[in-house]
Amino acid sequence: MTNPQAYEDQHVHAVYNHIAPHFSSTRYKVLGPSSPHFSIRCLRDGLASDSGTGNGKYLPFPTERPGSVLTIGMDRSWNLLQIAKHAGSGPGLSATREVVRGDVLENGWRDGVLRELDYAISIATIHHLASHQRRKLAVQRLLQCVSPVHGRVLIYVWAVEQDNLSKRSVPISEGDGSSGQDVFVPWVMSQQTTTRIKTREPAAETAMDVSVYNRYYHMFAKGELTKLVKEAAEGMGSGCDVIRDGWERSNYYIELRRWIS
């Protein structure tokens, strides 16, 4: 691939900007206690970032202790950020969240914030980057923005191994499962249209206009995320421990804690 940035602009950023409202309406699941990233709900008081925040569904956490953790959402999509800015709002509740437009590959934080965050999360974002080096850089940006003494990082990506309960339409090819796969995952938007039929009787015929938008994904193989994180940490001379990693419900996850090396 000669220009991964242009590839992502076309097959990731442009798509999400276009489908933002429809995409957001499908992103409402709350984390349960059995989830590997349940730790998001258990954050202590502090400052956090959500890189690739999307519609901002993680920004209100922990809901049991509102305001105890200030999470700043970052995304490239203006349309998604407009939704994320009011994440958690509902009848009788108006919420305004801290959001910023930025790229997960860039240093989007001011000097007063950089290396001062207590937590950084990246949920379902890094798998949209179109090369190994870009995915590695995104991990390094996460490690750089948290405290080198106690900062924690959580990363979550889609897995090659999709379980039977997954609703994702992922065109995985047959293989030995030892390496990740680059795929296009369709996003289908249906819009109801009404066409008047020219007859003496007033009548209407209802039809569905269907649009399909293909999004680029790098589906991670077993062990690939952990290997990527270790390579990223070694490349920047950063000390970090893997608190836990694994596969759960068609996704790979890893949770890290930084320390001064």
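Our structure is the block above this text.
A short tour of the structure in this document, coming up. Keep in mind the model is a prediction, meaning the values are calculated, not measured.

## Thoughts on the pattern of salt bridges
If charged atoms from side chains of opposite charge come close, those side chains can pair.
Alright, step 1. Tallied over the entire structure, the rule returns 7 salt bridges.
Alright, step 2. Close ionic contact of R76 with D103 constitutes a salt bridge, the shortest N to O distance being 3.2 Å. Separated by 27 residues along the polypeptide, R76 in the loop between strand 2 (69–75) and helix 2 (78–84) and D103 in the loop between strand 3 (99–101) and strand 4 (119–123) bring together distant segments of the chain.
Alright, step 3. The class for R76 is partly exposed, based on a relative accessible area of 25%.

## Focus on empty space enclosed by the protein
Alright, step 1. Within the structure shown, the criterion is met by 2 cavities of 30 Å³ or more.
Alright, step 2. Quantified by volume, the largest cavity comes out at close to 80 Å³.
Alright, step 3. Looking at the largest cavity, it is lined by 12 residues, and the ones nearest its centre are E106, W109, R141, L142 and C145.
Alright, step 4. Residues of the lining of the largest cavity, tallied by class, amount to 6 nonpolar, 3 polar and 3 charged.

Definitions and limits used
Residue indices begin from 1 for each chain and proceed along its sequence in written order. It should be noted that, the model being predicted, local features are given only for residues of pLDDT at least 70 and side-chain atom pairs only at 80 or more, the latter also being counted only at that level, while totals for whole chains, interfaces and linings use all residues. Think of the side-chain values as coming from all heavy atoms in the structure, minus any hydrogens and water. Salt bridge criterion: a side-chain nitrogen from Lys or Arg within 4 Å of a carboxyl oxygen from Asp or Glu. Labels follow the DSSP assignment, with helices taken as runs of H or I lasting at least four residues and strands as runs of E lasting at least two, numbered in each case from the N terminus. Relative accessibility under 20% of the residue-type maximum defines a buried residue, over 50% an exposed one, and the middle range a partly exposed one, all with a 1.4 Å probe and only protein chains included. Computed over the protein atoms alone on a 1 Å grid, cavities are sets of points where a 1.4 Å probe fits but cannot get out and pockets are open sets with protein on both sides within 12 Å along at least five of seven lines; a residue lines them when it has an atom within 4 Å of a point. Grid points are joined across faces, edges and corners, and a volume is the space filled by probe spheres set on the points. All amino acids are sorted into three groups, where Ala, Val, Leu, Ile, Met, Phe, Trp, Tyr, Cys and Pro are nonpolar, Asp, Glu, Lys and Arg are charged, and the leftover types, Gly among them, are polar.

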